[in-house]
Amino acid sequence: MAWREAAQRSYDAGDNGRRNLNWNVVNGTAEQTDSMQRDTIRARARDLERNSDVAEAIINAYERNVVGRGFKLQAKILNKDGKEDEELNKEIEELFKEWQKPKNCDLTAQQSFKELCTMAVRRMKVDGAIIFIKSYTKDGIVPFKLQAKEVDELDTNLNWRNEKNNNRIVGGIELDTNNKPIAYHFKEYTPDGYYTGKTIRVKADRVIYLYKKSRPSQIREMSLLSRTIGRVRDINEFVEAVSVKERVTACLSAFITKVDPGSSPIGRGRVQRDTKSGYEQKTLTPGMIMELQPGEDVKAVNPSNTGSSAKDFITSQLRLVGSGQGLSYEAISRDMSQVNYSSARQGLLEDQKTYKEIQDFLIDHFLSEVYEEFLNAAILNKNINIKDFYKNKRKYLKHNWIPAGWGWIDPLKEVKANQTAIESNIDTLARVCAERGEDWREVIEQRARETEYLKELNRGDLDNATTSKIKAKE
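Residues numbered from 1 in each chain as written. Predicted model: local features only at pLDDT ≥ 70, side-chain atom pairs only at ≥ 80, totals over all residues. Heavy atoms only, no water.

Enquirer: Where do I start with a nonpolar patch on the surface in this structure?
Expert: A cluster of nonpolar residues, Leu 429, Trp 440 and Ile 444, forms a patch on the protein surface that exposes about 240 Å² of accessible area. Position of Leu 429 among the secondary structure elements: in helix H14 (residues 429-435). Accessibility expressed as a relative area gives 34% for Leu 429, which makes it partly exposed. (Patch = residues over 30% accessible without salt bridge, like charges linked within 9 Å, V, L, I, M, F, W, Y side chains within 5 Å. Areas by Shrake-Rupley, 256 points an atom, 1.4 Å probe, with all protein chains shown as cover. Salt bridge = Lys/Arg side-chain N within 4 Å of Asp/Glu carboxyl O. Helix = DSSP H or I, 4+ residues; strand = E, 2+ residues; numbered from the N terminus. Buried < 20%, exposed > 50% of the residue type's maximum accessible area, 1.4 Å probe, protein only.)

Laid out in structure tokens, this is it:
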């Protein structure tokens, strides 16, 4: 019997003994496991976003490092000679810079394109997803704008199957037989947020639905804070409890105890005495000396202080929260007291891998699609004149995005390392500049202008010196 039990238990994780008795699990598709708790988890994540400094620290870390000062466009159109068409590329880049302003890119004319990207990172982290609808309007420098929508606006009440084409609606998304989105069904709301009871169907080619898909059967989003919501809430409650206890500890309370020597037997002969102390002073003042009545004593209330262990607990919890979100403890807490140059650089490199993963996601699923729609609208509106655009569309759509870069921990060491790498041909100036969020062409052009300006100043100083010497001789 012992041998059979040991043979049947190949994995300790699959054991149903006492230790795993209350570990109840179920296998199902992503929608079966996520749909029942998606709204609850999203609501709790939003509550932490509003009220938790720890949750806000996580979100701010992603906003600062993923988007930062924004993404920079590089058009990569080649001319007949196979070289970059500098004039056409610059024309497109300048037009895109103008389009990024709130009045040109946002349907509500309230957010710039950088702010829309920042909001996308925040909502993906908290809500799990964000939706952008490509809108074509008559106003603006280019007749193309973006309309941002929250995932709450998807009509989850719709649940039917089309018998003609077998399309079905799941979570407000209309899918074909291959689970490919065909259309999105949105609830219609009044400006003050009331549901009108109507549903609007928008074709999928006009919708950019940004969410991180982790399972093949996944159709809708799940909050990326779901893994750490419980731990973040525990930290908040612990900090609040410690804060209340420290406030109580900081207060000095005193009670006066009194022995009544004049008590008499119960009955008519009992004399009623005033058991109050009779002191008008109710508080203690620094240096106060006060004489007590006979038979009275003072006892101070001094609560024990256990707040000294709070730092270790919070630090360990923040490390777990950071690891669950792919970040280091220093990135969340901004506490650099326990690191040196090597450990700080190693932690920064690991954090940058996390940020670059999200940057690549935004470039592939959002920025590139927006750029293609922008250039197509600019061609139709004749903002840019390219006669054979639709014949050679792939040629004219070539581009590159330079994401936000990061500063150096020790600039002198980093500059020397980059200089050696470029001189030994194992790295390029373009990649080094891209890591800092700069366009290498703009850097070279600016350096050339500065060098030329410096030469002009030196020539002017030399001419002035020569003139002064001539006048002195005269």
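Enquirer: Even after reading the chapter, I still don't get helix H13 (residues 411-423), so can you show me in this structure?
Expert: Every α-helical turn comprises 3.6 residues, leaving residues that sit three or four positions apart pointing alike. The end-to-end C-alpha distance of H13, which contains 13 residues, comes to 18 Å, matching closely the 18 Å that a straight helix rising 1.5 Å per residue would cover. Residues Glu 414, Asn 418 and Ala 421 constitute the buried set of H13. Along the axis of H13, the buried residues cluster in a sector spanning 65°; they form a single face. Set apart from the buried face of H13 by more than 90 degrees, the exposed residues are Leu 412, Lys 416 and Glu 423. (Expected span 1.5 Å × (residues − 1). Arc of directions from axis to C-beta.)

Enquirer: Can you walk me through the sheet that holds strand E6 (residues 181-189) in this structure?
Expert: Sheet strands pair by backbone hydrogen bonding; their relative direction is either parallel or antiparallel. The antiparallel open sheet is built from four strands, whose spatial order is E4-E5-E6-E7. Only two strands of the sheet have a single partner each, and these edge strands are strand E4 (168-170) and strand E7 (195-203). Along the sheet, successive strands turn relative to each other by an average axial angle of 30°, direction set aside. Across six bridges, the pairing between E6 and E7 is antiparallel. Considered in E7, the bridge of Tyr 184 is made with Val 202. (Pairing = 2+ DSSP bridges. Axes fitted to C-alpha atoms, helices over the stretch in contact; angles between N-to-C directions.)

Enquirer: Help me understand the packing of helix H5 (residues 86-99) against helix H11 (residues 341-380), please; the structure alone is not making it clear to me.
Expert: Two numbers describe a pair of packed helices, the interaxial angle and the distance between the axes. The contact between H5 and H11 brings their axes to 11 Å, and the two run at 105°. The angle between the axes of H5 and H11 places the two elements in the roughly perpendicular class. Contact residues: Ile 92, Leu 95, Phe 96 and Trp 99 in H5; Val 370, Tyr 371, Phe 374, Leu 375 and Ala 378 in H11. Partitioning the contact of H5 with H11 into residue classes produces nine nonpolar, no polar and no charged. (Parallel < 35°, antiparallel > 145°, perpendicular 65-115°, else oblique. Contact = heavy atoms within 4.5 Å. Nonpolar A, V, L, I, M, F, W, Y, C, P; charged D, E, K, R; others polar.)

Enquirer: Is there a simple way to think about the nonpolar core in this case?
Expert: Soluble globular proteins: nonpolar side chains tend toward being buried together. By size, the foremost hydrophobic cluster in this structure holds 68 residues, and its most contacted members are Trp 99, Phe 113, Leu 210, Phe 366 and Phe 374. The leading source of residues in this core is H11, at 14 residues. Discounting residues that sit within four places of it in the chain, Phe 366 has contacts with Phe 113, Cys 117, Phe 132, Leu 146, Ile 208, Leu 210 and Phe 361. Membership of the second largest hydrophobic core comes to 15 residues, among which are Leu 154, Phe 186, Ala 204 and Ile 219. (Core = buried A, V, L, I, M, F, W, Y, C linked by side-chain atoms within 4.5 Å.)

Enquirer: Any chance you could explain the environment of Asn 104 here in plain terms?
Expert: Structurally, Asn 104 can be placed in helix H6 (residues 102-105). Classification of Asn 104 as buried rests on a relative accessible area of 4%. In this structure the C-alpha to C-alpha distance between Asn 104 and Leu 146, which are 42 residues apart in sequence, comes to 9.3 Å. With sequence-adjacent residues up to four places away left out, Asn 104 is seen in contact with Glu 98, Trp 99, Gly 140, Ile 141, Phe 144 and Lys 145. Reaching out from Asn 104, the side chain makes a polar contact with the backbone nitrogen of Ile 141 at a distance of 3.3 Å. (Polar contact = N/O pair within 3.5 Å; in protein donor to acceptor, adjacent residues only side chain to side chain.)

Enquirer: I keep staring at the sheet that holds strand E2 (residues 129-135) and nothing clicks. Help me out?
Expert: The strand order E3-E2-E8 describes an open sheet built from three strands, whose pairing is antiparallel. Each edge of the open sheet is held by one strand with a lone partner, namely strand E3 (145-149) and strand E8 (207-211). Neighbour to neighbour, the strand axes of the sheet diverge by 25° on average, direction disregarded. Judged from the five bridges that link them, E2 and E3 form a sheet pairing that is antiparallel. Within the sheet, the bridge partner assigned to Ser 135 lies in E3 and is Lys 145.

Enquirer: Sorry, what's going on with the pairing of E8 here?
Expert: Across a regular strand the side chains alternate sides, sitting on one face of the sheet and then on the other. Buried residues dominate E8, accounting for five of its five residues. Judged by which residues are buried, E8 turns out to be covered on both faces: Val 207, Tyr 209 and Tyr 211 on one side and Ile 208 and Leu 210 on the other are all buried. With five bridges joining them, E2 and E8 adopt antiparallel strand pairing. Bridge pairing in E8 links Ile 130 to Leu 210.

Enquirer: Is there a simple way to think about the pattern of salt bridges in this case?
Expert: Where charged atoms of side chains with opposite charge meet at close range, the side chains can pair. Here the structure, examined in full by the defined rule, presents 28 salt bridges. With a closest N to O distance of 3.5 Å, Glu 86 and Arg 441 form a salt bridge. On the criterion of sequence distance, the pair formed by Glu 86 in helix H5 and Arg 441 in helix H15 (residues 440-473) is long-range, its members being 355 residues apart. A residue is classified by how much of its surface remains accessible, and Glu 86, at 45% relative accessible area, is partly exposed. Overall, Arg 441 belongs to the buried group, its relative accessible area being 12%. Between Arg 220 and Glu 221 there is a salt bridge, with the nearest N and O atoms lying 2.9 Å from each other. Exposure remark for Arg 220: the relative accessible area of 2% places this residue in the buried category. Here the salt bridges do not stand alone but share partners, grouping Asp 39, Arg 42, Arg 46, Glu 49, Glu 56, Glu 63, Arg 122, Arg 123, Asp 127, Asp 152, Arg 220 and Glu 221 into one network.

Enquirer: Even after reading the chapter, I still don't get the packing of helix H7 (residues 113-126) against H11, so can you show me in this structure?
Expert: One can describe the packing of H7 onto H11 by two numbers: an axis separation of 13 Å at closest approach and a directional angle of 145°. Viewed along their axes, H7 and H11 form a crossing whose handedness is right-handed. Between H7 and H11, the contacting residues are Phe 113, Cys 117, Val 121 and Met 124 on the first element and Phe 361, Leu 362, Phe 366, Leu 367 and Val 370 on the second. (Left-handed = near helix turned anticlockwise from the far one by under 90°.)

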